Amino acid sequence: MELNELEKIRVEKINAMRAAGIEPYPTRSEVNTTIQQAIEAFSQFENSHPDESLSDHFILGGRIRSIRTMGKLAFAHIEDGSGRIQLMLRLNELGQDNLDQFKNWFDIGDFIQAEGSLTRSRTGEVTLLVSAFKMLAKAISPLPAAKDEEVDGQIIRHATFSDPETRFRQRYADLAINEDVREIFRKRTAVVRSLQRFMDSHGFLEVETPILQPIYGGAAAQPFTTHHNQLKQELFLRISFELYLKRLLVGGLDRVYEIGRDFRNEGVSFKHNPEFTQLEFYWAYADYLKVMELTEQMVSTAAQDVLHTQKVQFKGQEIDLTPPWKRVELRQGILDACGIDIDQHPEADTLFKAMAEKGLTPNPEATRGKLIDALIGDFLEPNFIQPTFLYDYPRDISPLAKKKPENPAVVERFEGFIGGMELCNSFTELNDPLDQEKRFQEMGRAYSDNDDEQHPMDEDYLQAMSYGMPPNGGFGMGIDRLVMLLTNKTSIREVILFPHLREREEE
RNA sequence: GGGCGCGUAGCUCAAUGGUAGAGCAGUGGCCUUUUAAGCCAUUGGUUAAGGGUUCGAGCCCCUUCGCGCUCACCA
């Protein structure tokens with residue numbers, strides 16, 4: 001560990017403490033109260049005993065966030081997971097030696113415990129008048145300087161720790177300093193809990209399926225590959241949960257869901273991280289229309305639970321999540337947005353020409369479905385700010401979805417968009433094993449010139465379906481993007497504790 | 001992967017091609033009710049790394065690394 005000058009000074013303080021017989025990293029602490037509990041206890045006490053101090057045997061612990069010393073008096077704030085409280089250290093209570101020790105050896109960032117009586121300082125702040133204190137863990141690296149001022153409940157930040165690279169590489173420091181960052185992740189957990197409660201209360205069973213898979217599937221994405229040494233077996237990190245969850249429907253678990261990590265070996269962007277969290281559920285005897293209704297309920301309930309409102313601020317716009325959400329039929333939506341009627345172009349080549357005439361430059365190799373997908377991305381997705389279901393997708397980009405009875409070129413599928421982002425994807429699941437086999441074969445042909453995106457045939461999945469799979473509606477949603485929406489963050493890295501960053505070159 | 005931008009003290013940022021600076025943090029001093037504490041003094045730099053042009057480079061050029069934005073990719 002290379003020490004800079006500030007850190008060397010801290011190490012000298014550690015040595016001085018040990019020389020004085022004080023252990024800067026004691027094995028045990030005597031902390032018995034959280035800061036929040038202490039403040040609440042004092043508030044109650046005050047009601048019946050105005051202008052008195054409360055000298056219960058409170059021992060508080062926390063990290064020093066600020067120090068203000070004067071000649072014979074020092075103030076500090078300590079912070080634990082529950083809140084922040086001011087300490088007052090006076091010569092009268094502590095004596096010269098103890099006060100000097102605090103001034104000489106204690107720094108911002110150190111963890112300490114302190115006991116004493118609770119009172120109000122002259123400015124009216126609840127304060128622990130310290131009678132004894134102890135170092136719990138000396139910090140060597142100084143926390144980046146950040147100062148918050150609270151004015152009428154508004155936090156004004158005077159110095160900051162804001163460089164995104166350093167914040168993400170040293171997320172621990174980011175969290176330690178920036179309370180609003182901690183709040184993002186408290187909300188993230190609250191969102192997940194809300195989704196779990198919602199699914200549980202609708203009779204869904206939360207399950208866990210393999211992350212290491214011999215055959216990947218359920219999405220069109222490049223997988224990460226790995227290897228089992230003893231079994232000499234190539235394995236893939238899952239790109240979706242879909243095929244395993246639907247096997248469970250075959251097994252008689254009618255309503256299942258999983259919240260977990262997917263891994264996709266693709267580009268990184270403000271809305272893509274190589275590993276991301278997904279909620280998928282499969283619902284026997286339902287179809288995509290029922291899933292739409294459940295989706296509206298689920299997302300608006302999450303907003304209500306976490307933010308206590310269904311109107312959220314995102315990128316300077318108010319988004320109203322209250323059901324029902326707008327529904328746009330894919331063909332009509334594209335027709336309205338750019339005048340191209342995809343039904344007039346059953347093959348890729350004429351659709352390509354129609355797009356070229358509109359001045360677009362689509363990929364000439366793209367299938368019809370991929371061209372339509374490009375139209376969605378260009379004309380529809382960015383404009384779906386308010387929650388919108390786009391439904392009825394072309395068959396060839398949806399190999400696991402069921403055809404519409406009245407139009408076999410179209411499948412019963414929808415995607416949900418909010419804030420100009422795709423949030424979720426759902427379909428009435430294909431449960432015809434012979435049709436499913438055909439679709440796998442078609443996908444194999446469509447991508448045969450591109451090994452990376454080839455969709456492998458999953459024989460065992462077909463075997464499962466051959467035993468009979470109930471009709472069902474399936475659903476997948478990016479939790480990271482939902483958290484972005486509910487915390488008004490425009491980068492996925494802000495809502496992932498340890499987002500993927502390139503490895504730094506060591507010299 | 002392409003384009004544009006950025007990288008300077010622990011943090012946030014300055015610095016026409018001409019002695020690398022400020023605020024905060026730190027250190028020393030004064031101060032017994034402060035809270036962005038204040039006042040005085042002071043330490044701290046391989047200017048991301050490497051190379052080049054130049055009498056002289058943080059600044060101009062090249063290469064590399066990282067980050068951001070954007071495009072491409074992403075059922």
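A.B. asks: Would you explain helix α2 (residues 35-48) in this entry?
C.D. replies: Since the α-helix packs 3.6 residues into each turn, any two residues three or four apart lie on the same face. Its 14 residues place the ends of α2 21 Å apart at the C-alpha level, agreeing with the 20 Å of an ideal helix rising 1.5 Å per residue. If you check which residues of α2 are buried, you get Ile35, Ala38, Phe42, Phe45 and Glu46. One side of α2 carries all its buried residues, which in axial view fall inside an arc of 105°. The outward face of α2, more than 90 degrees from its buried face, is lined by the exposed residues Gln44, Asn47 and Ser48. Packed against the buried residues of α2 are β1 (54-69), β2 (73-80), β3 (83-90), β4 (111-120) and β5 (126-137).

A.B. asks: So what exactly am I meant to see when it comes to a nonpolar patch on the surface here?
C.D. replies: A contiguous nonpolar surface patch, about 360 Å² in accessible area, is contributed by Tyr172, Leu497 and Phe498. You can see tyrosine 172 is positioned in helix α5 (residues 171-177). Among the residues examined, tyrosine 172 registers a relative accessible area of 54% and is labelled exposed.

A.B. asks: Would you explain the packing of aromatic side chains in this entry?
C.D. replies: For any pair of aromatic rings, the description rests on two quantities: the centre-to-centre distance and the angle between the ring planes. Under the criterion given, the structure shown has twelve aromatic pairs. Here phenylalanine 281 and phenylalanine 475 contribute two aromatic rings whose centre-to-centre distance is 4.8 Å and whose plane-to-plane angle is 20°, an arrangement assigned as stacked. Taken as a pair, phenylalanine 281 in strand β13 (residues 275-284) and phenylalanine 475 in strand β21 (residues 472-478) lie far apart in primary sequence, 194 residues in all. Accessibility classification places phenylalanine 281 together with phenylalanine 475 in one group, the buried group. Aromatic ring contacts, followed pair by pair, group Phe204, Phe281, Trp283 and Phe475 into a single cluster.

What counts and what doesn't
- Residues numbered from 1 in each chain as written.
- Chains lettered and ligands numbered in written order.
- Predicted model: local features only at pLDDT ≥ 70, side-chain atom pairs only at ≥ 80, totals over all residues.
- Heavy atoms only, no water.
- Helix = DSSP H or I, 4+ residues; strand = E, 2+ residues; numbered from the N terminus.
- Expected span 1.5 Å × (residues − 1).
- Buried < 20%, exposed > 50% of the residue type's maximum accessible area, 1.4 Å probe, protein only.
- Arc of directions from axis to C-beta.
- Contact = heavy atoms within 4.5 Å.
- Patch = residues over 30% accessible without salt bridge, like charges linked within 9 Å, V, L, I, M, F, W, Y side chains within 5 Å.
- Areas by Shrake-Rupley, 256 points an atom, 1.4 Å probe, with all protein chains shown as cover.
- Salt bridge = Lys/Arg side-chain N within 4 Å of Asp/Glu carboxyl O.
- Phe/Tyr/Trp six-rings, centres within 6.5 Å; stacked < 30°, edge-to-face > 60°.

So, to be careful, I would describe these as geometric facts and stop short of saying anything about function.
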